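Coordinate inspection notes
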Amino acid sequence: MEFAIDPPIPSTLAVRDSAQRFPVRRIYCVGRNYAAHAREMGHDPQREPPFFFSKPADAIVESGTAIPFPVATQDLHHEVELVVALGRGGADITVAAALSHVWGYGVGLDLTRRDLQAVAKKLGRPWDLAKGFDHSAPCSALAPASVIGHPQHGTIALTINGETRQHGDLGDQIWGVAETIAILSTLVTLEPGDLIFTGTPDGVGAIHPGDHLVGTIDGVGSLDVTIGTATAA
Ligand code: MN
């Protein structure tokens, strides 16, 4: 095939303890999936079924890199999240079968331009550019489920410059990984290579230029990212 322009380079992630790479197809994200975070954002966690948004695949940033402070925001927020990497796709996947579609897990950051999101919420506009901007999806190397199993409990935490900012437990997710896959697969056909960022515990807050962020999930791995200075648009 001859392309009219150079085709984009596919997004990939490292695989823990391996030279293999995991190809990223789409990035789905779950909103408000921990009760305490739903409350801190002003919502009643008992009433809401899960909802989803997405980020472009090339928003992926690998652990260990420095990323520029994003343009067009004065309020960049961190959300540390368990990332699910699918090895098998499907539609209308049952809860019972859902975990068999999971290839592995990682530690991700759902970086959010909270000020743009607040405007979007107020005006009933899409969240896309509050959530799906350049470098908005840092993610650790993926750990295969064949090695680590399917973590359903354990600490999920984020430090900034060594100070703990978020500290929760995977067991506090409102919708677990299997339920999330099942519900999402009623809305879209999932495919191998899809990632799902499964929501953040409470404690979200602002990031500043020069900050060093370290996200960890027990049994899954760790992610570290440094935020650079602001750049012009
Ligand atoms: Mn999030």
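These numbers come from a predicted model, not from an experiment.

1. Focus: the coordination of the manganese ion
Distances from the manganese ion to its protein donors, E79 (OE), E81 (OE) and D110 (OD), fall within 2.0 to 2.1 Å. In primary-sequence terms, the residues that donate to the manganese ion follow E-x1-E-x28-D. Of the two residues, E81 sits in strand β8 (residues 80–86) while D110 sits in the loop between β9 (102–109) and β10 (112–113), which places them 29 residues apart along the sequence.

2. Describing the packing of aromatic side chains
Each pair of aromatic rings is reported with the distance of its centres and the angle of its planes. Within the structure shown, the criterion is met by three aromatic pairs. On the basis of an interplanar angle of 40° and a centroid distance of 5.3 Å, the ring pair of F22 and W103 is categorised as tilted. Of the two residues, F22 is situated in strand β2 (residues 21–23) and W103 in strand β9; the sequence distance between them amounts to 81 residues. Relative to W127, the ring of F51 has its centre 5.7 Å away and its plane inclined at 85°; by these criteria the two rings are edge-to-face. Highlighted residues: F51 in strand β4 (residues 51–55) and W127 in the loop between α3 (114–123) and α4 (128–131), separated in sequence by 76 residues. Residue classification places F51 among the partly exposed positions, given a relative accessible area of 23%. Judged by relative accessible area, W127 falls into the buried class, the value being 17%. An aromatic cluster is present here, built from F51, F53 and W127 joined pairwise through their rings.

3. Section: the sheet that holds strand β7 (residues 76–78)
Sheet strands pair by backbone hydrogen bonding; their relative direction is either parallel or antiparallel. Taken in spatial order, the three strands line up as β10-β7-β16 in an open sheet, and their pairing is antiparallel. Sheet topology places β10 and β16 (205–206) at the edges, where each strand pairs with a single neighbour. Bridging between β7 and β10 involves two bridges; their strand directions are antiparallel. Residue pairing for β10: L76 is matched across the bridge by R113.

Procedures and definitions
Residues numbered from 1 in each chain as written. Predicted model: local features only at pLDDT ≥ 70, side-chain atom pairs only at ≥ 80, totals over all residues. Heavy atoms only, no water. Donors = N, O, S within 2.8 Å, 3.2 Å for Na, K, Ca; no water. Helix = DSSP H or I, 4+ residues; strand = E, 2+ residues; numbered from the N terminus. Phe/Tyr/Trp six-rings, centres within 6.5 Å; stacked < 30°, edge-to-face > 60°. Buried < 20%, exposed > 50% of the residue type's maximum accessible area, 1.4 Å probe, protein only. Pairing = 2+ DSSP bridges.

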